[in-house]
Amino acid sequence: MTLALIILAAGKGTRMRSDLPKVLHPIAGAPLVVHAMEAGKPLSPERCVVVAGHGAELVRKRVLAHDPAAEIVLQTEQLGTAHAVDQARAALQGFEGDAIVLYGDTPFVSAKTLGDIQAARTSGADVVVLGFEAAVPGKYGRLVVEGDRLTRIVEAKDATPAELGITLCNSGVVCADSATLFDLISKVGNDNASGEYYLTDIVDIANADGKRCVAVTCDEAETLGVNSRVDLAAAEAVFQASRRRQAMEEGATLVAPETAHFAYDTKLGRDVLIEPNVVFGPGVVVEDGVELRAFSHLEGCHVGQGSIVGPYARLRPGSDLAEGVKIGNFVETKNAVLAKGAKVNHLSYIGDASVGAEANIGAGTITCNYDGVLKHHTEIGENAFIGSNSALVAPVKIGARALVGAGSVISRDVPDEALAMTRAKQEVKPGLAAKLRARLLELKASRKK
Ligand code: UD1
Ligand code: MG
């Protein structure tokens, strides 16, 4: 079925009390509107039109960054949901296929539910509305159903006491043939309690027109909308719970599932072990058999098969670990490529660097990548050994199988197999410690008198 998504994202989100447009507030590292776009993805929509209003420029940037093929249309005044959809009319002029309306602040509509909606369309409904049994119907629009037909949607503000008793509520998701949808919308007026153009009115209009409208239902959790920071936190919790379950179902062990924090795009292989309090930022790919030990933070990185990371490690964007790499406690990497079997086991910073296979980076090694103005690269050859507490002042190259003595400050290239060290030569004075101590003790005794 040829399909266009229309995502309503013009609302201000007053209750967020934020300078950021509501739909740009993130869940799992991605803005709400991106979640809405992703929700529609399983249907392989041909077009994706986002209706922006408040903070439209920011919304445009973020939406296009996620999908350059998406289209943004402007709703300069928020005159209601039908008016919002109407802003997509010009963009979808001549589009042949169905249109599905989603809300930019409602991130969790499932692929199965969208499939059910399409199935209802295929089996002859002209207009399909997604409803749910609300635990607390409150301000939701109510679906008035007779037999298997949806006859009307009544907004809570306009409802009679009897209608308010209906628990089947409107999610806001609507699907119809695109031309039909815009045709129905052009007949919507604003003579109601809010003085708004209600998208929900198309059901009444379609029925009067002899068209068939039906309601498809889903779990209330799928229609969870975000209106406040409290809602945002609740939505985050829902996302995390479902992502953790998915990770375990796909073959990862989560030692303390409730403490693992995923990003919307985290990719995990099989037999990945995730210890407590591991946090994923966006853009992380973890291959099979990796151990992510407690309190590690990963973002924009690739962790090769069988690598061990942490505890307390931080992999920043551009970190690329090949197979069997070891990154130990209090190690930070950034824009660093580590070849097979490389080890950075303790207290190091490896930034803007490449580390050869089986190289061993001693405790406290720092790549000094920044001169205060520019960033520079450090290259460490295979099987090189960097002694503890060394500073590698970039740009610098340490050859393969080279050895750097502990405590060195290396600012010139070290050839393959060479030994480099910069610390001052050590002096040893036999017996001097004992003499010194005796003198100090004498001094102390003389002061007490
Ligand atoms: C709407 C539905 C209601 C449903 C509820 C579900 C209508 C008339 N009512 O009510 O039946 O139960 O959603 O949450 O459709 N928006 C725009 N431009 C506008 C108005 C709204 O982009 O001019 C966007 C909002 O940003 C939001 C969505 O459309 O994402 C819904 O708008 P909202 O004002 O929240 O509608 P409700 O009154 O909640
Ligand atoms: Mg609402």
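My aim in this report is to walk through the structure given alongside it, one point at a time. Treat the numbers as computed from the prediction; the structure is a model and nothing was measured. Each residue is numbered by its place in its chain's sequence as written, counting from 1. Chains and ligands are labelled sequentially in the order written, the chains with letters from A and the ligands with numbers from 1. Where local features are concerned, this predicted model is filtered to residues with pLDDT of at least 70; where side-chain atom pairs are given and counted, the filter is 80 or more; whole-chain, interface and lining totals use all residues. As a convention, hydrogens and water are excluded, and side-chain values are obtained from all of the structure's heavy atoms.

## Some words on the environment of Asp-265
Inference 1: Residue placement: Asp-265 occurs in the loop between strand S12 (252–254) and strand S13 (267–268).
Inference 2: With 16 residues separating them along the chain, Asp-265 and Gly-281 place their C-alpha atoms 8.8 Å apart.
Inference 3: The contacts of Asp-265, once residues within four sequence positions are left out, are Pro-282, Gly-283 and Val-284.
Inference 4: A polar side-chain atom of Asp-265 sits 3.0 Å from the main-chain amide nitrogen of Gly-283. We count a stretch as a helix when DSSP gives it H or I for four or more residues in a row; a strand needs E for two or more, and each element gets its number in order from the N terminus. In what follows, residue pairs with any heavy atoms lying within 4.5 Å of each other are defined as contacts. The term polar contact refers here to a pair of N or O atoms within 3.5 Å; inside protein, the definition further demands a hydrogen-donor-capable atom paired with an acceptor-capable atom, and it admits residues adjacent in sequence only when both atoms are side-chain atoms.

## A look at the pattern of salt bridges
Inference 1: Definition used for salt bridges: Asp or Glu carboxyl oxygen within 4 Å of a side-chain nitrogen of Lys or Arg. With the rule as written, the count across this model stands at 18 salt bridges.
Inference 2: The salt bridge partner of Asp-98 is Arg-121, with a shortest N-O separation of 2.6 Å. Placement of Asp-98 in strand S6 (residues 98–103) and of Arg-121 in helix H4 (residues 111–122) is noted, with a sequence separation of 23 residues between them. Exposure class is identical for Asp-98 and Arg-121. Each is buried.
Inference 3: Of the charged contacts, one joins Lys-334 and Asp-352 as a salt bridge, the two residues approaching to 3.0 Å between their closest N and O atoms. Within this pair, whereas Lys-334 is found in strand S24 (residues 332–338), its partner Asp-352 is found in strand S26 (residues 349–355), the two being separated by 18 residues in sequence.
Inference 4: One salt-bridge network, held together by shared partners, links Glu-382, Arg-401 and Glu-417. Exposed residues in this analysis have more than 50% of their type's maximum accessible area, buried residues have under 20%, and partly exposed residues fall in between, with area computed by a 1.4 Å probe over protein chains only.

## A look at the sheet that holds S12
Within a beta sheet, neighbouring strands are joined by backbone hydrogen bonds and run either parallel or antiparallel to one another.
Inference 1: A pair of strands is treated as paired once DSSP finds two or more bridges between them. Strands sit in the order S12-S14-S17-S20-S23-S25-S27-S30-S33-S35 across an open sheet of 10 strands; the sheet is parallel. Pairing within the sheet leaves two strands with one partner each, and these edge strands are S12 and strand S35 (419–420).

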